[in-house]
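Overview (structure and organization)
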Amino acid sequence: MLKQFRYKNWVRLLRGKNILPETPLPIDWESLKQEGQSLFIALPNDSRHIHVVNHLLNQLLSQQPSLNISVYVPPAFEDFIRGMKFYKEQFILPAIKPLSFPISEEMIPDTFKKICDIGIDLNCAPYILSHYLIATRSKKASLGFYNLYSSSLFSMTLKIKPSSYDSGVEALLNLIGITLLE
């Protein structure tokens, strides 16, 4: 209870300092789909989901190589993802516990200063650093799966059942106009 109260105050502070952008409501999904965009994806911090996402993104980028996708990689999967050559850029997240906050700009290396058009966080479980980076580095929209900590940071969250993770990833990509060709 106290942690959730502290978290909400931290988010209010971020908004007050204009670190966390206010998203104009409603989001114009059609214009997001039509414009060429740079996309940051925070890869999931668990072994089952990272393999699913990596396979899906590999398939997607082999079908549509013009997509501009960079990834935030949890430190536990650095060696695994380093071998993947299909992402535009790979950013290895600093080693911070998933529920650690407050996150400050001083804690983040300069390599994370780049801004994208749209950010998607594919962590179902709370991972506040990736939530923060997706929320603060996305100009037009930040998307992710719903959890207690993501809903106040992202433009839109998707609530899924654990068994529907794969279709949830595809749904988030479909929202911004990226579909996997059959």
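Overview of the structure. (Residues numbered from 1 in each chain as written. Predicted model: local features only at pLDDT ≥ 70, side-chain atom pairs only at ≥ 80, totals over all residues. Heavy atoms only, no water.)

**Some words on the sheet that holds strand β2 (residues 68-73)**
Filter applied, for reference: Here, strands pair whenever DSSP counts at least two bridges between them. By the criteria applied, helices consist of DSSP H or I runs no shorter than four residues and strands consist of E runs no shorter than two, each listed in order from the N terminus. Fitted lines through C-alpha atoms give the axes, limited to the stretch in contact for helices. The angle between two N-to-C directions lies from 0 to 180 degrees.
The 6 strands lie next to each other as β3-β2-β1-β4-β5-β6, forming an open sheet whose pairing is parallel. This sheet does not close on itself; its edge strands, each paired only once, are β3 (90-92) and β6 (156-158). Put simply, the sheet's adjacent strands are angled 20° from each other on average, direction ignored. Two elements, β2 and β3, share 3 bridges in a ladder whose sense is parallel.

**Regarding the pairing of strand β5 (residues 138-145)**
Under the convention used in this document: Buried means the residue's accessible area, taken with a 1.4 Å probe over protein chains only, is under 20% of the maximum for its type, while exposed means over 50%, and partly exposed covers the values in between. Convention used here: a crossover is right-handed provided that the path from the first strand, over the helix, to the second strand proceeds clockwise when the strands point away from the viewer.
For β5, the tally of buried residues reaches 6 of 8 residues, placing the bulk of the element in the interior. Handedness of the strand β4 (residues 116-121)-helix α5 (residues 128-137)-β5 crossover: right-handed.

**Describing the pattern of salt bridges**
We count it as follows: Definition used for salt bridges: Asp or Glu carboxyl oxygen within 4 Å of a side-chain nitrogen of Lys or Arg.
Per the counting criterion, the structure on display carries 6 salt bridges. Its salt-bridge partner being K113, residue E105 comes within 3.2 Å of it at the nearest N-O pair. Using a relative accessible area of 24% as the deciding quantity, one classes E105 as partly exposed. With relative accessibility at 37%, the residue K113 sits in the partly exposed group. Between K139 and D117 there is a salt bridge, with its nearest N and O atoms 3.3 Å apart. A residue pair is termed long-range when its members are at least 10 positions apart, and K139 in strand β5 and D117 in strand β4 qualify at 22 residues. Looking at K139, the relative accessible area reads 59%, which means it is exposed.

**A short note on unusual backbone geometry**
Keep in mind that most residues, glycine aside, have a negative phi and that most peptide bonds are trans. Along the chain, F101 connects to P102 via a cis peptide bond; the corresponding omega equals 5°. Tracing the backbone through its elements, the reader meets P102 in the loop between β3 and β4. Not every positive phi belongs to a glycine, and N18 is a case in point at roughly 60°. Inspection of the secondary structure puts N18 in the loop between α1 (2-16) and α2 (29-34).

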